[in-house]
Amino acid sequence: TIAKLFRTPDGHPNALDVSREGFWVGEQVTDRVILMDINGKVLKAFQTECHNCSGLAVGGGYLWLAANGAAQFDRPIKIDSRGQEILQCDMDGSVIKRHAVPIGGGGVTGIEYVDGTLWMVASRLRALMQVNAETFQPIVAHPFQMQRPHGLAWDNGAMWVVDGTDEPRLVKIDGRTGSTLEAI
């Protein structure tokens with residue numbers, strides 16, 4: 001059963017994570033990050049240096065934002081950066097460090113923080129990649145056969161990946177082996 005909870009204030013949510021504080025939403029057009037409660041009340045909102053925000057993770061005391069390049073749709077150009085990168089930010093959105101996507105992975109359309117590591121959808125590689133959050137060295141990259149992967153959620157050793165095709169589905173991938181465990 002699907003229940004609509006609320007709309008985001010900016011109207012173009014493209015990244016989501018949840019923590020004890022609430023729902024963290026990354027907006028694709030405005031590139032703002034908005035913290036909301038379960039009823040949609042805005043608890044905190046701030047502008048970021050993310051560009052084409054396509055993933056957000058909370059972990060290790062940081063916000064991790066997947067930035068995917070130049071302006072598109074009705075997004076204005078706000079900063080000079082046009083390449084794909086992961087922004088490591090403090091909890092108010094200030095950039096601590098910019099990370100290149102490892103091994104030329106291209107854009108990132110989903111990111112998840114798990115036990116000191118970051119998992120991401122590396123689009124150019126067509127892989128689910130895990131990196132050390134401190135060194136950004138790759139740990140593993142599992143190739144996949146998804147058409148439009150976008151969004152991740154950790155589940156006890158496995159990663160759920162949203163595949164936004166014409167017939168959207170959720171794909172559960174074993175974090176250790178990369179094998180598909182389930183598709184809904």
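The preceding data block contains the structure.
The rules behind these values
In this numbering scheme, every chain counts its residues from 1 along its sequence in written order. In keeping with the model being predicted, local features are shown solely for residues with a pLDDT of at least 70 and side-chain atom pairs are shown and tallied solely at 80 or more, while totals for entire chains, interfaces and linings include all residues. Side-chain metrics in this entry use all non-hydrogen atoms of the structure; hydrogen atoms and water are not considered. Two rings from Phe, Tyr or Trp (for Trp, the six-membered ring) form a pair when their centres are within 6.5 Å of each other. A pair whose planes differ by under 30 degrees is stacked, one over 60 is edge-to-face, and the rest are tilted. For helices the rule is a DSSP run of H or I covering at least 4 residues; for strands it is a run of E covering at least 2, with both sets numbered from the N terminus onward. Exposure is judged per residue with a 1.4 Å probe applied to protein chains only, and the accessible area is read against the type maximum: over 50% gives exposed, under 20% gives buried, and values in between give partly exposed. Think of a salt bridge as a Lys or Arg side-chain nitrogen and an Asp or Glu carboxyl oxygen that are within 4 Å of each other. Any two strands with at least two DSSP-identified bridges between them are counted as paired.

Peer 1: Is there a simple way to think about the packing of aromatic side chains in this case?
Peer 2: How two aromatic rings sit relative to each other is set out by the distance from centre to centre and by the angle between their planes. Counted by the stated rule, this structure contains five aromatic pairs. Aromatic pair W64 and Y113: ring centres 6.3 Å apart, planes at 15 degrees, arrangement stacked. Of this pair, W64 sits in strand 6 (residues 62-68) while Y113 sits in strand 9 (residues 108-114), placing them 49 residues apart in sequence. Residue classification places Y113 among the partly exposed positions, given a relative accessible area of 22%. Site record: aromatic cluster; members linked through ring pairs are Y62, W64, Y113 and F136.

Peer 1: I keep staring at the pattern of salt bridges and nothing clicks. Help me out?
Peer 2: All chains considered together, the criterion is met by six salt bridges. Residue D92 is joined to K44 by a salt bridge in which the shortest nitrogen-to-oxygen separation is 2.9 Å. Separated by 48 residues along the polypeptide, D92 in the loop between strand 7 (84-89) and strand 8 (95-100) and K44 in strand 4 (residues 42-47) bring together distant segments of the chain. In this structure D92 comes out as partly exposed when scored by relative accessible area, which is 45%. K172 is the partner of D155 in a salt bridge, and the nearest nitrogen-oxygen pair spans 3.4 Å. Of this pair, D155 sits in strand 13 (residues 149-155) while K172 sits in strand 15 (residues 169-174), and the two are 17 residues apart along the sequence. A relative accessible area of 17% places K172 in the buried class. Through salt bridges that share partners, E49, E85 and R98 make up one connected network.

Peer 1: Got a minute to help me understand the pairing of strand 9 in this structure?
Peer 2: Each regular strand carries side chains that alternate between the two faces of the sheet. Along strand 9, six of the seven residues are buried, which leaves the element largely enclosed by surrounding structure. Looking at chain direction, strand 9 and strand 10 (residues 117-122) are connected through five bridges and run antiparallel. Across the sheet, V108 pairs through a bridge with A122, a residue of strand 10. Between strand 9 and strand 10, which pair antiparallel and follow one another directly, the connecting turn spans two residues, one of which, D115, has a positive phi of 50 degrees.

What is shown is where atoms sit, not what they do.
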